[in-house]
Amino acid sequence: MEGHVDMEIKKLSGDGIAAYSDGQLTSAQFNQPRNFAVDLKGNIYVADKRNHAIRKINTSGVKTIAGGYSEKTGRGDGPGRNASFSSDFELSFIPQSCSLLISYHGNQLIHQILLKEEDCGKNDDSPSCDSLFFQLFTLCLVEFMVS
């Protein structure tokens, strides 16, 4: 195909089993990851739809930053661990406020999570997120085309 660029597609995270588990990139488990946001340091935030959780992916692994513990849908405010999300939510990273905005389609709400400052400041020795983001984008595109 003319203009076709050969690319390597490889797994970024997860073990392919629909479940809930934080940990190493290869052993973490998701249940219908739906939407992604990337901060200025290259951390990836995942809306884990069926686990009702927001997960953070970086080179150290996968960690839940909000929700996931109640195992049920909701829209509650409060500490991240006690948060609950609808089954249909999306994330957006807002660098100006160092936060994630959460759009709840089923609950007709928008929530905000303030992130750690170290995930928002960009300096000269910040790792580039281009490679990690490109891998994630390619994976999502392939998943979309297959389903």
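Residues numbered from 1 in each chain as written. Predicted model: local features only at pLDDT ≥ 70, side-chain atom pairs only at ≥ 80, totals over all residues. Heavy atoms only, no water.

Caption draft 1: Representation of the side chain of aspartate 39 within the structure. With respect to the helices and strands, aspartate 39 occurs in the loop between strand E1 (33-38) and strand E2 (44-48). Despite its burial, aspartate 39 remains without a salt bridge, the nearest opposite charge being carried by lysine 56 at 5.4 Å. Separated by 2.9 Å, the side chain of aspartate 39 and the backbone nitrogen of lysine 41 make a polar contact. There is a polar contact of 3.1 Å between the side chain of aspartate 39 and the backbone nitrogen of glycine 42. (Helix = DSSP H or I, 4+ residues; strand = E, 2+ residues; numbered from the N terminus. Buried < 20%, exposed > 50% of the residue type's maximum accessible area, 1.4 Å probe, protein only. Lys, Arg positive; Asp, Glu negative; His and termini not counted. Salt bridge = Lys/Arg side-chain N within 4 Å of Asp/Glu carboxyl O. Polar contact = N/O pair within 3.5 Å; in protein donor to acceptor, adjacent residues only side chain to side chain.)

Caption draft 2: Molecular detail of the sheet that holds strand E6 (residues 99-104). One open sheet accounts for three strands, arranged E5-E6-E7; its pairing is antiparallel. Two strands bound the open sheet, and with one partner strand each, they are strand E5 (89-94) and strand E7 (109-114). Taken over all neighbouring pairs, the strand axes of this sheet differ in orientation by 25° on average, direction set aside. Relative to E7, E6 runs antiparallel, the two sharing six bridges. (Pairing = 2+ DSSP bridges. Axes fitted to C-alpha atoms, helices over the stretch in contact; angles between N-to-C directions.)

Caption draft 3: View of the state of the cysteines. Counted under the stated rule, the structure contains one disulfide. Disulfide partner of cysteine 98: cysteine 120, at an S-S distance of 1.8 Å. The sign of the 85° torsion about the S-S bond sets the cysteine 98-cysteine 120 disulfide as right-handed. Note that cysteine 98 is positioned in the loop between E5 and E6 and cysteine 120 in the loop between E7 and helix H1 (130-146), a separation of 22 residues in sequence. The two residues cysteine 98 and cysteine 120 agree in class, both being buried. (Disulfide = S-S within 2.5 Å.)

Limitation: the analysis is restricted to geometry and does not speak to function.
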